[in-house]
Amino acid sequence: MTDATIDERRFRDRFDEFNEIGATDAGGVNRPSLSDENKRARDLLVEWFRDAGLEVRIDEMGNIFGRREGRDPEADAVLFGSHVDSQYNGGRYDGVVGVLSALEVVEAFDDAGIETDRPLEIVAWSNEEGVRFQPDMLGSGVYTGVFDLEYAYDREDKDGNRFGDELERIGYKGEEPCEPDDLHCYFEVHVEQGPFLERADLSVGVVEGVFGFSWMNVAFEGQANHAGPTPMNMRHDAFVATADVTKAVREITATEGTDLVGTVGSVDVWPNAINVIPERVEFTLDFRSYDNAVVDAALERIQDEIEWAAEREGLEYEFEEIMRVDADPFDDECIETVAQAAEDAGCEYTRLVSGAGHDANYLNKITPTSMIFAPSVDGISHRESEYTEWEDVVTGAEVLLRAVNEQAST
Ligand code: GLV
Ligand code: MN
Ligand code: MN
Ligand code: MN
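Predicted model, so just to flag it, every value in this text is computed and none were measured. (Residues numbered from 1 in each chain as written. Chains lettered and ligands numbered in written order. Predicted model: local features only at pLDDT ≥ 70, side-chain atom pairs only at ≥ 80, totals over all residues.)

Chemist: Can you help me understand the site of ligand 1 in this one?
Modeler: In the vicinity of ligand 1, the contacting residues are Glu129, Gly130, Asp136, Ala356 and Gly357. The class makeup of the residues in the shell around ligand 1 is one nonpolar, two polar and two charged. (Near = placed C-beta within 6 Å. Nonpolar A, V, L, I, M, F, W, Y, C, P; charged D, E, K, R; others polar.)

Chemist: Would you mind showing me how to read the pairing of strand E2 (residues 64-68) here?
Modeler: For a regular strand, side-chain orientation follows a simple rule: the groups alternate between the two sheet faces. Of all five residues making up E2, four are buried, and the element is well covered by its neighbours. As paired strands, strand E1 (residues 55-58) and E2 are joined by four bridges and run antiparallel to one another. Residue pairing in the sheet places Ile58 in a bridge with Ile64 of E2. Where E1 hands over to E2, the hairpin turn is made up of five residues, of which Gly62 adopts a positive phi near 80°. For E2 and strand E4 (residues 120-125), the ladder comprises five bridges, and the chain directions are antiparallel. Residue pairing in the sheet places Gly66 in a bridge with Ile122 of E4. (Buried ≥ 20, exposed ≤ 12 C-beta atoms within 10 Å, placed from the backbone. Helix = DSSP H or I, 4+ residues; strand = E, 2+ residues; numbered from the N terminus. Pairing = 2+ DSSP bridges.)

Chemist: Sorry, what's going on with the environment of Ile380 here?
Modeler: Within the fold, Ile380 resides in the loop between strand E13 (369-374) and helix H12 (390-407). Sequence separation of Ile380 and Pro195 is 185 residues, and the distance between their C-alpha atoms is 7.6 Å.

Chemist: Even after reading the chapter, I still don't get the environment of Phe109, so can you show me in this structure?
Modeler: Here Phe109 shows up in helix H3 (residues 96-111). A count of 20 C-beta atoms within 10 Å places Phe109 in the buried class. Remark: the alpha-carbon pair of Phe109 and Asn405, spanning 296 residues in sequence, is separated by 9.0 Å.

Right, dumping it as structure tokens:
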């Protein structure tokens with residue numbers, strides 16, 4: 001138990017001010033990784049971290065840390081946070097809720113004059129979304145040793161801008177090495193981004209783990225030709241094969257494990273003209289499940305489908321798995337800490353697994369981890385209309401406060 005409590009007004013004011021940066025007309029935000037808007041969001045965050053008396057550190061991946069020392073300087077830190085990069089025209093809650101909750105928790109301890117035994121460290125990870133630079137979770141990925149720094153720096157966006165150059169351009173290539181500190185555990189508050197909590201009429205989700213996933217790039221290469229005179233049996237249409245594969249994704253998800261989901265999310269067509277047969281299509285595939293063997297099976301089946309589609313249409317194809325992350329259950333003690341914190345905060349909760357990817361999945365590789373979910377209205381996310389009731393956001397922060405307080409005593 002703790003006397004510290006979230007200052008709802010301050011939290012709300014900060015949330016609103018933060019989301020003025022890159023605000024879109026339709027009520028979302030456009031702050032993709034390392035954009036000018038992402039820089040402005042980072043600047044404001046650093047200012048607030050400093051105002052809160054935190055010692056700010058920016059590492060060579062642009063991950064931003066704020067540290068509040070504990071009574072025992074030798075003790076490992078409790079780390080908590082999330083990310084502030086957004087999807088293109090994304091929602092206001094994804095990531096931001098976790099970072100601003102973390103700041104609010106630290107300030108709640110300050111307000112109550114509470115010194116914790118362990119140091120508290122809050123964090124905003126770089127490039128969680130993975131829309132401008134793939135793969136996603138790049139900042140936490142380097143921090144936890146999943147990727148090399150140079151691999152991360154060499155990622156390019158669609159215009160050929162390198163991650164490392166863009167990081168430097170916005171002034172967030174920090175001096176500190178991007179490597180793990182001595183950590184006691186990690187927590188992250190996030191909006192659920194799915195429908196389960198709302199359907200169950202519950203305000204808190206205790207997260208037991210995150211779906212594993214596979215991301216793939218596929219290209220079909222056929223022949224452009226005139227859409228009028230070319231007989232149907234003389235065509236090598238790269239888009240027809242793409243459509244076949246898209247349909248196969250549906251079939252595979254319907255027959256391969258109950259929780260498997262699959263998406264063709266990004267499609268580029270050349271020459272992309274009304275009266276020209278598509279010569280080349282590049283598209284992405286995303287398969288996710290909590291069962292790693294199910295992702296493996298989906299991957300195998302979709303490769304066959306790609307090969308058959310290319311054969312039927314007389315095309316060349318390229319296939320590359322660009323990212324693979326395994327599902328890996330969170331730490332039992334951290335899960336229990338969150339469940340107990342939800343009970344102490346007086347709210348009803350359920351345990352669930354996350355279909356969305358989170359930095360917590362990587363942190364779980366190096367330190368005991370769990371997450372706290374707040375309900376998403378209509379289960380909507382990665383869209384400007386993403387919304388969570390403010391009282392549910394505050395409840396999530398209250399649960400985080402209690403979980404951190406519990407783990408911060410030695
Ligand atoms: C990114 O937010 C993801 O979950 O893929
Ligand atoms: Mn997120
Ligand atoms: Mn997201
Ligand atoms: Mn995510």
